Amino acid sequence: MSDHAFSVRVEGMTCASCVGRVEKALKVLPGISTASVNLATERADVVFAGRPDLSSIIRAVEDVGYSVGQEMIELRVEGMTCASCVGRVEKALSRFRGVLKADVNLATERAQVWVVSGAVSTADLVAAVSATGYEATALMPAGTTADLDVERRDRELRSLRRAFLIALILTLPVFLLEMGSHVLPQVEAWVMRVIGHAESWYLQFFLATIVLFGPGLRFFQKGLPALLRGAPDMNSLVALGAGAAWGYSVIATFAPGVLPMGTRNVYYEAAAVIVTLILLGRLLEARAKGRTSEAIRHLVGLQAKTARVLRDGAGVEVPLAEVRSGDLVQVRPGERIPVDGEVIEGTSYVDQSMITGEPVPVQKGMGATVVGGTINKAGSFTLRATRVGADTVLAQIIRMVEQAQGAKLPIQALVDKVTYVFVPVVMGMAAVTFVSWLVFGPEPALSFALVNAVAVLIIACPCAMGLATPTSIMVGTGRAAEMGVLFRKGDALQALRAARVIALDKTGTLTKGHPELTNLVPLAGFTAEKVLRLVAAVESRSEHPIAQAIVEAALKRKLKIGTAEAFQVVPGFGVAAGVEGCKIEVGADRYMRKLGYDVADLGPTTTRLAMDGKSPLYAAVDGKLAAVMAVADPIKPTTPEAIQSFHRLGLKVAMITGDNAETARAIARTLHIDEVESEVLPEGKVEALKALREKFGKVAFVGDGINDAPALAEADVGIAIGTGTDVAIESASVILMAGDLRGVSNAIALSQATIRNIKQNLFWAFAYNASLIPIAAGALYAVYGLLLSPVYAAGAMALSSVFVVGNALRLRRFRPPLAIAASVAEHDTQQATYAAAQ
């Protein structure tokens, strides 16, 4: 039975302890093989070993005090005539994993579908209704997960901003009344004269109570139930700390006789300032976290909102969700191409920079494929939709980035173990602090005990530890996507940094992947033009890449290619045919020797060609050797720079190829490659990688073909060229969209920067808590007479998580060491062609 992966949004998590509790609740569910929860993305990724049970996930999350994000999608359904139609539509909609409930109303012709946020797209629901024979259209824009997340974050920001402003306005008078009286005698005298001592406390009580149980009520609503379940979190610490300061002050205000003399003090300002500063921290953190997902929003923004579809011969503007595979879509100049498709009419130039990084528009004509989200620059055309909705290249890119952003790196394992027990340990330390000061502290011991215990509760910050890794991953993978590097698996970020050797497939990776005729040396009695024309006629009957290279060379020279007769292939040797009454034979040296030709005199020429990394061929006409030719797969112009960058990063470079040893060594000499594995059959690439791993350590393999898929899966990190086959891409951990080998260096550099950023965050988070919790407990009092006020503790805690997120956001400014663009000559040629078309 196959595994089923599922992702849900979890609402209400505020710190790493929350993450640990949700993970623990999910992992004990029957049928779940793995569960991973991410604080930064607020998502839980669950893998079921068998049939998924979504209801059990929702119950488990709710049982530990959180909720699973849900949304309602409304559709208009036309064509229903009776109750059985309603039943069929409801059944079709309910079949999707992620649909919680589907209600269809015959009278209003409406369907209301409640789904787990992000689990089902509007396009999928519309398609399901259409498949049952009815017409469905979305009554709300086809929102993506990213759109909904933006809306939810905006709501959260507005709520936090409103709560903070109210708390600030009410806290300022409390702070000025209490702290002003302590700092300035004039303020104390004014309070006593104008307001009165008791009245001042009553006013502070009134204002602080509104702060705690108005804007600050969220901490009690979440923290106290978590505490009662025996699973305290960040909110529990705030609720206990602020609640203790407020409760003690209430007793001092209204029942002072309960407290010993000398301890009848109020701490309303501490309770109110704690709530206000932590709300400020949450506000700043929410703003910063919103910026961590800008890459996703940018990608979503590339999607067209509507498409002009041909209906009964006329173009009709329809929402993108209503476009079906096979529809004919018109694209006008300046428009974004709405879906992936094949051009069936017209020509134009298309800006594909979002996919390839190449700034020069590419010409598209009949039969060319186009990608949704790219921009039509000049000319109009009609395309046949081949991929729509979640199947488009852009949708897959967004999905890959979202999955990578939600991944957990191995480096997170220790953090998870610490944060799971962090809050209970802090509460224990606060209790020890309280008792220690109460027993051993100076008078008034109770006041000292209360203030220091509250400071310990408030200063501890599991948020910083919980956000240290996921925020860096979110920003790092988002920045990578902008650079044309897609991490299909988040853990590849850490694994790529650890690679010690880069193994490269030759064809299509180091080279262009399209052989070209590079040399043609005619022998006595023959001309180059005649030989090429005759040989091209023979090779036109073959589908071999070398044959196609010879035919292309003849066509470029505008030679008339004749018709080959009696064509025959001698496997492993060459080909022969009759052309214009002549017998033509073409092949390697072994074919010539088999036919009885003496090629010894041509040895120096062929040796020189082989040493240049070219494959020599011979042509014979009517029983006489006519020419020596050479075909080579040219090295990409950007390859030498990429190899140099690998060496600068301290990496060994290996080439794995099926070429003969002499040709392989020639290419390796040219490119300064350290290790060569030649004459390797496709099935031998895995063994070659194992040998390299044993010799050097962790291996990253770069390839693009179907036969590279096993090697991509075997490598510690598989990197697929985005212009390669779907099979290769599915087997890889990292994808280079531009097909440029320099992207590997950029990916490695970004991997190193991201892991470095994570380590900085973790150091800050652990060092902050390890150093400031003892100070809050009063560790400096005996030596320096210093105590940390709960007010300063709240400020430090609020800023600690903001620091972590802010540090992660620095990755948005990461600059790739190698700028990827076309070679100068290629760029100029393309630019001239495009300019001429305008």
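Computed from a predicted model, the values in this text were never measured in an experiment. (Residues numbered from 1 in each chain as written. Predicted model: local features only at pLDDT ≥ 70, side-chain atom pairs only at ≥ 80, totals over all residues. Heavy atoms only, no water.)

Visitor: Can you break down the overall build of the chain residue by residue, with the values?
Guide: Of the regular secondary structure elements, the chain holds 31 helices and 30 strands. Out of the 838 residues in the chain, the part that is buried amounts to 52%. Put simply, 69% of the contacts in the chain that link residues at least 6 apart link residues at least 24 apart. With the model as given, the accessible surface of the chain reaches about 36,100 Å², and the carbon-plus-sulfur share is 57%. (Helix = DSSP H or I, 4+ residues; strand = E, 2+ residues; numbered from the N terminus. Buried < 20%, exposed > 50% of the residue type's maximum accessible area, 1.4 Å probe, protein only. Contact = heavy atoms within 4.5 Å. Areas by Shrake-Rupley, 256 points an atom, 1.4 Å probe, with all protein chains shown as cover.)

Visitor: An account of unusual backbone geometry is requested, with residue identities and associated values reported.
Guide: Cis rather than trans, the peptide bond between Glu443 and Pro444 has omega equal to -5°. Tracing the backbone shows Pro444 in the loop between α14 (412-440) and α15 (445-459). Its identity is not glycine, yet Ala566 carries a phi of approximately 50°, on the positive side. Structurally, Ala566 is set in strand β21 (residues 564-570).

Visitor: I'd like a rundown of α15, residues and numbers included.
Guide: Between its first and last C-alpha atoms α15 spans 21 Å; for 15 residues at 1.5 Å apiece the expected length is 21 Å, and the two agree. Burial analysis of α15 places 14 of its 15 residues in the buried class, which makes it a mostly covered element. (Expected span 1.5 Å × (residues − 1).)

Visitor: So what's going on with the pattern of salt bridges? Which residues, and what values?
Guide: Two side chains with opposite charge may pair up if their charged atoms get near one another. All chains considered together, the criterion is met by 17 salt bridges. Between Asp505 and Lys685 there is a salt bridge, with its nearest N and O atoms 3.0 Å apart. Of this pair, Asp505 sits in strand β19 (residues 501-505) while Lys685 is found in helix α25 (residues 685-696), placing the two residues 180 residues apart along the sequence. Look at Asp505 and you get buried, because its relative accessible area is 7%. Residue classification places Lys685 among the buried positions, given a relative accessible area of 6%. A salt bridge links Arg693 to Asp716; its shortest N-O distance comes to 3.2 Å. Residue Arg693 is located in helix α25, and its partner Asp716 is located in the loop between α26 (709-714) and β29 (717-721); the two are separated by 23 residues in the primary sequence. Overall, Arg693 belongs to the partly exposed group, its relative accessible area being 24%. (Salt bridge = Lys/Arg side-chain N within 4 Å of Asp/Glu carboxyl O.)

Visitor: Can you tell me about a positive patch on the surface, naming the residues and giving the values?
Guide: Judged by side-chain charge, Arg497, Arg500, Arg756, Lys759, Arg810, Arg813 and Arg815 come together as a positively charged surface patch. By the secondary structure assignment, Arg756 is in helix α28 (residues 742-777). A residue is classified by how much of its surface remains accessible, and Arg756, at 49% relative accessible area, is partly exposed. (Patch = residues over 30% accessible without salt bridge, like charges linked within 9 Å, V, L, I, M, F, W, Y side chains within 5 Å. Lys, Arg positive; Asp, Glu negative; His and termini not counted. Charge placed at Lys NZ, Arg CZ, Asp CG, Glu CD.)

Visitor: I'd like to hear about the sheet that holds β29, residue by residue, with values.
Guide: Across the sheet, seven strands lie side by side as β18-β30-β29-β28-β19-β26-β27; this open sheet has mixed pairing. Across the chains shown, the open sheet's two edge strands, defined by having one partner strand only, are β18 (485-487) and β27 (675-677). Sheet twist, expressed as the average angle between the axes of neighbouring strands with direction ignored, equals 20°. With five bridges joining them, β19 and strand β26 (residues 652-656) adopt parallel strand pairing. Looking at β26, one finds that Asp505 is bridged to Ile656. (Pairing = 2+ DSSP bridges. Axes fitted to C-alpha atoms, helices over the stretch in contact; angles between N-to-C directions.)

Visitor: Run through the environment of Pro338, naming residues and quoting values.
Guide: Within the fold, Pro338 resides in the loop between β11 (328-331) and β12 (340-346). When the C-alpha positions of Pro338 and Leu302 are compared, they lie 9.4 Å apart, and in sequence the two are 36 residues distant. With residues near it in sequence (within four places) discarded, Pro338 still touches Ala304, Thr306, Ala307, Leu320, Val329, Val331 and Gly372.

Visitor: Got a sec to walk through the packing of aromatic side chains? Specific residues and values, please.
Guide: What describes a pair of aromatic rings is the distance from one ring centre to the other and the angle between the planes of the rings. This model, assessed by the stated rule, comprises eleven aromatic pairs. Ring geometry for Phe448 versus Tyr781: centroids 5.9 Å apart, planes at 55°, classification tilted. With Phe448 in helix α15 and Tyr781 in helix α29 (residues 781-784), this pair connects stretches of sequence that are 333 residues apart. An aromatic cluster is defined as three or more aromatic residues linked by ring pairs; in this entry it consists of Tyr202, Phe205, Phe213, Phe220, Trp246, Phe254 and Tyr268. For the cation-ring pair, Lys101 lies above Trp114, with the distance from its terminal atom to the ring centre recorded as 5.2 Å. The positively charged end of Lys594 is found above the aromatic ring belonging to Phe573, 4.6 Å away from the centroid. (Phe/Tyr/Trp six-rings, centres within 6.5 Å; stacked < 30°, edge-to-face > 60°. Lys NZ or Arg CZ within 6 Å of the ring centre and 35° of its normal.)

Visitor: I'd like to hear about the packing of helix α16 (residues 462-482) against helix α30 (residues 790-809), residue by residue, with values.
Guide: In contact at an axis separation of 8 Å, α16 and α30 are set at 15° when each is read in the N-to-C sense. One element, α16, and the other, α30, form an angle in the roughly parallel class. Between α16 and α30 the crossing geometry is right-handed. Taking contact as the criterion, the partners of Cys463, Ala464, Leu467, Ala468, Thr471, Ser472 and Val475 in α16 are, on α30, Ser800, Ser801, Val804, Val805, Ala808 and Leu809. Taken together, the residues of the contact of α16 with α30 break down into nine nonpolar, four polar and no charged. (Parallel < 35°, antiparallel > 145°, perpendicular 65-115°, else oblique. Left-handed = near helix turned anticlockwise from the far one by under 90°. Nonpolar A, V, L, I, M, F, W, Y, C, P; charged D, E, K, R; others polar.)

Visitor: How would you sum up the packing of helix α22 (residues 603-611) against helix α24 (residues 661-671)? Please name residues and give values.
Guide: Axis separation between α22 and α24 bottoms out at 8 Å; the angle between their running directions is 50°. Considering their axes alone, α22 and α24 lie oblique with respect to each other. Residues Thr607, Ala610 and Met611 of α22 touch α24, and the partners they reach there are Glu662, Thr663, Ala666 and Arg669. Of the residues that constitute the contact of α22 with α24, the class distribution is three nonpolar, two polar and two charged.

Visitor: So what's going on with the sheet that holds strand β13 (residues 348-351)? Which residues, and what values?
Guide: Strand order in the open sheet formed by three strands is β14-β13-β16, with antiparallel pairing between adjacent strands. Across the chains shown, the open sheet's two edge strands, defined by having one partner strand only, are β14 (362-364) and β16 (375-378). Adjacent strand axes in the sheet meet at a mean angle of 45°, parallel and antiparallel pairs treated alike. When β13 meets β14, the two strands line up antiparallel, connected through three bridges. What sits directly across from Tyr349, in β14, is Gln363.

Visitor: Can you break down the pairing of strand β5 (residues 70-78) residue by residue, with the values?
Guide: Regular strands have side chains that alternate between both faces of the sheet. Side chains Glu71, Ile73, Leu75 and Val77 project from β5 onto a buried face, and the interleaved Gln70, Met72, Glu74, Arg76 and Glu78 project onto a face without burial. Bridge analysis of β5 against strand β7 (residues 110-116) gives seven bridges, and the strand direction is antiparallel. Within β7, the residue paired with Met72 across the bridge is Trp114. Bridge count between β5 and strand β8 (residues 135-138): four bridges; the pairing is antiparallel. Within the sheet, the bridge partner assigned to Val77 lies in β8 and is Ala136.

Visitor: Tell me about the confidence of the model for the chain, and name the residues and values.
Guide: With 87% of its residues at a pLDDT of at least 70, the chain reaches an overall mean of 81. The low-confidence segment residues 140-144 (pLDDT under 50) makes nine contacts with residues lying over four places distant or belonging to another chain. The low-confidence segment residues 822-838 (pLDDT under 50) makes 16 contacts with residues lying over four places distant or belonging to another chain. (pLDDT = per-residue confidence, 0-100.)

Visitor: Let's hear about a nonpolar patch on the surface: which residues, and what values?
Guide: A cluster of nonpolar residues, Leu165, Leu168, Leu172, Phe175 and Leu176, forms a patch on the protein surface that exposes about 420 Å² of accessible area. Locating Phe175 in the fold gives a position in helix α5 (residues 145-183).

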